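Coordinate analysis (summary)
The lines below spell out each chain.
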Amino acid sequence: MRLPRIFRTTTFRMTLLFLAVFTFAAAAFLLYAWLATGGEVKRRADAEITREMNSLEAIYRRGGVQGLNEALIERGVGERPFLYVLLDKDGKKITGSIAESPIEKTAPGENWADFLVTDTDMDGAQVRRQARGLQERLDGGEILFVGADIAESEGFVTGISRAITGAGVLVILLGLAGGAIVSRNVSRHMAGLTDTVAAVRGGDLKARAQVRGARDEYDELAEGMNEMLDRLERSMGGLRHAGDAIAHDLRSPLTRLRARMEAALIEVEAGKGDPKQALIQALEDADGVLNTFNAVLAIARLQAAGQAPDQTIFDPGQLAADIAELYEPLCEDKGLDFKAELTPQLTVRAARPILTQALANIIDNAIKYTPEGGAVMLRVRRRSSGEIEFSVTDTGPGVPEEHRARVVQRFVRLENSRSEPGSGLGLSLVAAVAEAHGGRLELDEGPGEYNGMGPGLRVALVLPRAE
Amino acid sequence: MRILIIEDDFEAAEAMTRGLGEAGYDCTHAGDGEAGLDAARAGEFDVLIVDRMMPKLNGVQVVETLRREGDATPVLFLSALGEVGDRVDGLKAGADDYLVKPYAFPELIARVEALSRRRETGAVATTLKVGDLEMNLIARTVHRGETEIDLQPREFQLLEFMMRHAGQSVTRTMLLEKVWEYHFDPQTNVIDVHISRLRSKIDKGFDRQMLQTVRGAGYRLDP
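Per-chain numbering applies: the sequence of each chain, read as written, is numbered from 1 onward. Here every chain gets a letter starting at A, and every ligand a number starting at 1, in the order they are written. Residues qualify for local features only when their pLDDT is at least 70, as the model is predicted, and side-chain atom pairs are given and counted only at 80 or more; totals for whole chains, interfaces and linings, by contrast, use all residues. Hydrogen atoms and water are omitted, and side-chain values are computed over all heavy atoms in the structure.

As for the overall build of chain B
Only DSSP runs of H or I reaching four residues or more are called helices, and only runs of E reaching two or more are called strands; each is numbered from the N terminus. Per the secondary structure count, chain B includes 8 helices and 12 strands. Only protein chains enter the accessibility calculation, which uses a 1.4 Å probe; a residue whose area is less than 20% of its type maximum is buried, one above 50% is exposed, and one in between is partly exposed. In chain B, which comprises 223 residues, the proportion classed as buried is 48%.

A short note on the overall build of chain A
For chain A, the count of helices and strands is 8 helices and 12 strands. A buried classification covers 40% of the 467 residues belonging to chain A. A total of about 26,700 Å² of accessible surface is found on chain A, and carbon and sulfur atoms cover 55% of it. The accessible surface values rely on the Shrake-Rupley method and a 1.4 Å probe; as for residues, cover is taken only from the protein chains in view.

Things to note about the interface of chain B and chain A
Any two residues having at least one pair of non-hydrogen atoms within 4.5 Å are treated as being in contact. Counting residues at the interface gives 19 residues for chain B, matched by 19 residues for chain A. Interface area for chain B against chain A, summed over the two sides, is near 1,800 Å², with a carbon-plus-sulfur share of 59%. The quantity reported as buried area is the accessible area (1.4 Å probe) lost by two parts once they are put together, taken as the sum for both. For the chain B face of the interface with chain A, the top three residues by lost area are B:Tyr182, B:Phe184 and B:Arg197, together amounting to 28%. Definition used for salt bridges: Asp or Glu carboxyl oxygen within 4 Å of a side-chain nitrogen of Lys or Arg. Taken together, chain B and chain A are joined by 2 salt bridges. A salt bridge links B:Arg197 to A:Glu332; the nearest nitrogen and oxygen atoms lie 2.6 Å apart. The definition of a polar contact used here is a pair of N or O atoms within 3.5 Å, where within protein one atom must be able to donate a hydrogen and the other to accept one, and adjacent residues in sequence count solely through side-chain atom pairs. The interface formed by chain B and chain A holds 5 residue pairs in polar contact (both at pLDDT 80 or more) in total. Of the residues forming the side of chain B that touches chain A, the biggest block, 5 residues, is contributed by helix H8 (residues 190-202) of chain B. Only Asp, Glu, Lys and Arg are considered charged in this grouping, and only Ala, Val, Leu, Ile, Met, Phe, Trp, Tyr, Cys and Pro are considered nonpolar; every other residue, Gly among them, is considered polar. Looking at the side of chain B that touches chain A residue by residue, the classes come out as 10 nonpolar, 4 polar and 5 charged.

A word on H8(B)
With 13 residues, H8(B) extends 19 Å between its outermost C-alpha atoms, agreeing within 8% with the 18 Å of an ideal straight helix rising 1.5 Å per residue. Among all positions of H8(B), only B:Val190, B:Ile191, B:Val193, B:His194, B:Ile195, B:Leu198 and B:Ile202 are buried. For a helix, the expected span equals 1.5 Å multiplied by the residue count minus one.

Points about the pattern of salt bridges
Residues and elements named next belong to chain A. In this structure the tally under the stated criterion is 42 salt bridges over all chains. The partner of Arg-212 in a salt bridge is Asp-216, and the shortest N-O contact between them spans 2.9 Å. Salt bridges sharing partners connect three or more residues here, namely Arg-381, Arg-383, Glu-387, Glu-389, Arg-440, Glu-442, Asp-444 and Arg-458.

What about unusual backbone geometry?
Residue and element names in this part refer to chain B. Looking along the chain, the bond that leaves Lys-101 and enters Pro-102 is cis, with omega of -5 degrees. The phi angle at Lys-56 is positive, at roughly 70 degrees, despite the residue not being glycine. Mapped onto the secondary structure, Lys-56 falls in the loop between strand S3 (47-51) and helix H3 (59-68). Even without being glycine, Glu-181 reaches a positive phi, approximately 60 degrees. Position of Glu-181 among the secondary structure elements: in the loop between helix H7 (172-178) and H8. Judged by relative accessible area, which is 61%, Glu-181 ranks as exposed.

With respect to the sheet that holds strand S4 (residues 75-79) of chain B
Residue and element names in this part refer to chain B. Pairing between two strands is assigned when DSSP locates at least 2 bridges connecting them. Reading across from one edge, S2-S1-S3-S4-S5 is the order of the 5 strands in this open sheet, with parallel pairing throughout. A strand with exactly one partner marks an edge of an open sheet, and here the two such strands are strand S2 (26-30) and strand S5 (97-100). Each neighbouring strand pair of the sheet contributes to a mean axis angle of 20 degrees, computed without reference to strand direction. Packing of helix H1 (residues 10-22) onto the sheet brings it into contact with strand S1 (2-6), S2, S3 and S4, and relative to S1 it is tilted by some 165 degrees. Across the sheet, H3 lies against S1, S3 and S4, angled at about 170 degrees from S4, the strand it touches most. Note on definitions: angles span 0 to 180 degrees between N-to-C directions of axes, and those axes are lines fitted to C-alpha atoms, for helices only across the stretch in contact.

Brief notes about the nonpolar core
All names here are of chain B. Grouped together as the largest cluster of nonpolar side chains are 91 residues, with contacts concentrated most on Leu-159, Leu-175 and Leu-221. With near-sequence residues (within four places) excluded, Leu-175 lies in contact with Leu-158, Phe-161, Met-162, Val-170, Trp-180, Ile-191, Ile-195 and Tyr-219. Counting 19 residues, the second-largest nonpolar core is a separate cluster that includes Ala-30, Leu-37, Leu-57 and Val-62. In these notes, a set of buried Ala, Val, Leu, Ile, Met, Phe, Trp, Tyr and Cys residues joined through side-chain atoms within 4.5 Å is what counts as a nonpolar core.

Quick word on the side chain of B:Glu160
All names here are of chain B. Position of Glu-160 relative to the elements: it lies in helix H6 (residues 153-164). The class for Glu-160 is buried, based on a relative accessible area of 18%. Setting aside anything within four residues of it in sequence, one finds Glu-160 in contact with Leu-128, Met-135 and Leu-137.

With respect to the pairing of strand S1 (residues 82-87) of chain A
Residue and element names in this part refer to chain A. With 6 of 6 residues buried, S1 lies mostly within the body of the structure. Here S1 shows two buried faces, one formed by Phe-82, Tyr-84 and Leu-86 and the other by Leu-83, Val-85 and Leu-87. Note that S1 and strand S5 (residues 143-149) share 6 bridges and pair antiparallel. Bridging across to S5, Leu-86 finds its partner in Leu-144. Taking the residues that link successive antiparallel strands as the turn, the S1-strand S2 (residues 93-96) hairpin has 5 residues, and the phi of Gly-91 there is positive, at about 95 degrees.

Some thoughts on the packing of helix H1 (residues 10-75) of chain A against helix H2 (residues 151-201) of chain A
Residue and element names in this part refer to chain A. Direction vectors running N to C along H1 and H2 enclose 175 degrees, while the axes themselves pass 10 Å from each other. With respect to H2, the element H1 is oriented roughly antiparallel. Here the contact of H1 with H2 is composed, by residue class, of 19 nonpolar, 11 polar and 1 charged. By definition in this entry, angles of less than 35 degrees are roughly parallel, angles greater than 145 are roughly antiparallel, angles of 65 to 115 are roughly perpendicular, and the rest are oblique.

Describing the side chain of B:Thr65
Structurally, B:Thr65 can be placed in helix H3. Residue class for B:Thr65 comes out buried when judged on its relative accessible area of 14%.

A short note on the sheet that holds strand S8 (residues 141-144) of chain B
Residues and elements named next belong to chain B. Spatially, 4 strands are ordered S6-S7-S8-S9 in an open sheet, and the strand pairing comes out antiparallel. Edge positions in the sheet fall to strand S6 (127-130) and strand S9 (147-149), since each of these pairs with one other strand and no more. This sheet shows a mean twist of 20 degrees between the axes of neighbouring strands, independent of strand direction. With 4 bridges connecting them, S6 and strand S7 (residues 133-136) associate as antiparallel partners. Following the sheet pairing, Thr-127 is matched in S7 by Asn-136.

With respect to the pairing of strand S12 (residues 218-221) of chain B
Residues and elements named next belong to chain B. Of the strand pairs in this sheet, strand S10 (residues 169-171) and S12 are connected by 3 bridges, and their pairing is antiparallel. For Thr-171, the partnering residue across the bridge sits in S12 and is Gly-218. In this structure, strand S11 (residues 211-214) lies alongside S12, joined through 4 bridges in antiparallel fashion. Bridging from a neighbouring strand, Val-214 pairs with Gly-218 of S12.

The values reported here are purely geometric and, on their own, carry no functional implication.
Structure follows, in structure tokens:
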């Protein structure tokens, strides 16, 4: 038989365990209390009985049977703390408050006994009460029995035992109830998490555990789990998106390649085209497709990863200086004025290779779109916010404000850039790199009119401050 | 010059064998990692071209095993895995160069040439000499004939690489990787500009042009 769910929880089992320990402790305590108080009652009764017996023996030694008899009669009247029986040598009762000794008359020396006495209570009903007594043979051969009613003391012990037992039972019941409530509570909290896990396992990546706002460990666990699921969902989404994007984005360049090859084939068959030229063209087209593929893949991977891999801490000015060194001759060749303004001794935490590529992309763009006689400026500085900014300013035609958000999207190329070679992926990659570092890409107007050109563009890759 | 191609894609291996054969190389093909490892152990090859993802033993395992056994044959990894991390893994395993699929054939030839040649120049040279061009690696000076040529540090590195691979085609990607240590394809013709600057320094005013442009591949420094 399977227990109800609540009884199978760890919390409930813990409750049971503690209850068992407690019950055992209570039983031990009870036993000890019973032994200790019970023993004490007997010891006291014995001492009192012995004292009474000694006193009576002294009276006997002084006044003989006669004196003892009188004393007994005298002491037997009224409240009777003691019970007496005095027998003569032959065992015949001389006097006494009870009918006969509960002990054999022939028993030698001192004899102790526990016995019951029949008494009449206030209502006239017969009750039997616990008693204890000592019997001794006096020097003259008479037998004296002195007993005491210990029912009251015994009742006290029984009361204590009963109280302890009752408390124990009560504690066990309360413990069971408390355990059940706590278990149900824990189970309810855990059930939310378990349900979420089950839902996610079932394929619902949008399932999230409920955070109740109690800021306790369950909320912490739920929050942690939700963060993990967010991350997972982003990654999965990124990957799926990457797959879709690659399929979608490559279809058009591949179609174009195919069309050109087909056209070339028709021309060659008609004897008009040069087969070698057609092949060279096809090769170049294929290279273009491959470049696109690589760029899309790089962007998709960055987006799917969520965070740039292998980040290290280095000097961003040094990285920019290296890139500047690579591109400066290209600027000079194109008749562009190139300047670099690099703040020394900054630090940034980033994946150096992809950051380099992003920066190269921005400079590539700037050089590509700035007409001869223009200027390109590379700058690395720390903003007052602590963020590290790589910015490239050019004096080209710029990007109108309404298009700035759009050019960052993949494959978006503005009309006036169609004549330039390129896939429209450059800035998308830069944006992906920025995001993968927790930063962002900012597009702004450049320096304005310059040598009759402008307004230019300022592209800034902003990375968060290194902690 | 003997090359061992360890590649599970038969067609790719076939194309490589044909292309490298035309370039004057003698190629042997192994279809999986185990066969490749056996062949590499048995035969004397000058260069190994190893695919990374293969059945039985992957490329990294093959190269690691060979290196552990003391085999120093130059290895070129050929892989569809082209992320920086993948390249680092490959090079750490003991490969000498890394080419990402799909590749252009001139790129492969150029890299194989560079590798096969590297083996012969084992000794640490203090001067390089190609034709009448002479480079002193200690003093960091360059002369062509009697004329001293003044080079910027990066131009010096560029020329040094070209001189170490004199007579071989060197691609733009190789230059970007080996001289600048960048692993990406620039959209613009940055490398061409650097080469043309170097060319103007070492060839201008001389009858013979040493720095040649190789169509479809890159550049070559001829004696």
